[in-house]
Amino acid sequence: MNKSELIEHIAQQAEISKAAATRALEAVIGGVKDTLKKNGSVSIVGFGTFAVSKRPARSGRNPRTGAAIKIKAAKVPKFRPGKGLKDHLN
């Protein structure tokens, strides 16, 4: 399912227009992004938790040349599924 299919699904399930569904989805995505940028986490009960994890700096190799390179530390988004989502899939 891609973004436009998700918007269509939201519009049908909530019986709202696609424009309203688009605004709602964009608001949710924006809220998650803003919270993660502030190093917070977003928990949706029954679905899961979005959080930020810190990946330390490390050394690696350039696959073309084999030369050693330094990879910078980075913040990466993580998602941990909740019990409700796990139960639904199994």
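None of these values were measured; they are calculated from a predicted model.

Before going further, it helps to spend a moment on the pattern of salt bridges. Scanning all chains against the criterion turns up 3 salt bridges. Where lysine 3 meets glutamate 26, a salt bridge forms, and the shortest distance between an N and an O atom there is 2.3 Å. Taken together, the residues lysine 3 in helix α1 (residues 3–14) and glutamate 26 in helix α2 (residues 18–37) connect sequence positions 23 residues apart. Glutamate 8 is paired through a salt bridge with lysine 18; the nearest N and O atoms lie 3.7 Å apart. Of this pair, glutamate 8 sits in helix α1 while lysine 18 is found in helix α2, placing the two residues 10 residues apart along the sequence. Classification of glutamate 8 by relative accessible area gives partly exposed; the value is 36%.

With that settled, consider the environment of proline 81. Mapped onto the elements, proline 81 comes out in strand β5 (residues 74–81). Note on proline 81: relative accessible area 32%, which makes it partly exposed. Expressed as a C-alpha distance, the spacing of proline 81 and glycine 30, which sit 51 residues apart in the sequence, is 20 Å. Residues in contact with proline 81, not counting those within four places in the same chain, are Phe47, Gly48 and Lys86.

Looking now at the sheet that holds β5. If you trace the 3 strands from one edge of the open sheet to the other, you get β1-β2-β5, paired in antiparallel fashion. If you trace the sheet from one side to the other, it starts and ends with β1 (42–44) and β5, each paired once. This sheet shows a mean twist of 25° between the axes of neighbouring strands, independent of strand direction. Bridge count between β1 and strand β2 (residues 48–55): 3 bridges; the pairing is antiparallel. Note on β2: the bridge partner recorded for isoleucine 44 is glycine 48. Its contacts with the sheet put α2 on β1, β2 and β5, and the angle it makes with β2 is roughly 35°.

What follows deals with unusual backbone geometry. For residues besides glycine, phi is generally negative; the peptide bonds are generally trans as well. Phi angles above zero are rare outside glycine, and glutamate 15 is one such case at about 55°. Relative to the elements of secondary structure, glutamate 15 occurs in the loop between α1 and α2. You will see that asparagine 39, though not glycine, has its phi angle at about 65°, which is positive. Residue placement: asparagine 39 occurs in the loop between α2 and β1.

Conventions adopted
Residues numbered from 1 in each chain as written. Predicted model: local features only at pLDDT ≥ 70, side-chain atom pairs only at ≥ 80, totals over all residues. Heavy atoms only, no water. Salt bridge = Lys/Arg side-chain N within 4 Å of Asp/Glu carboxyl O. Helix = DSSP H or I, 4+ residues; strand = E, 2+ residues; numbered from the N terminus. Buried < 20%, exposed > 50% of the residue type's maximum accessible area, 1.4 Å probe, protein only. Contact = heavy atoms within 4.5 Å. Pairing = 2+ DSSP bridges. Axes fitted to C-alpha atoms, helices over the stretch in contact; angles between N-to-C directions.

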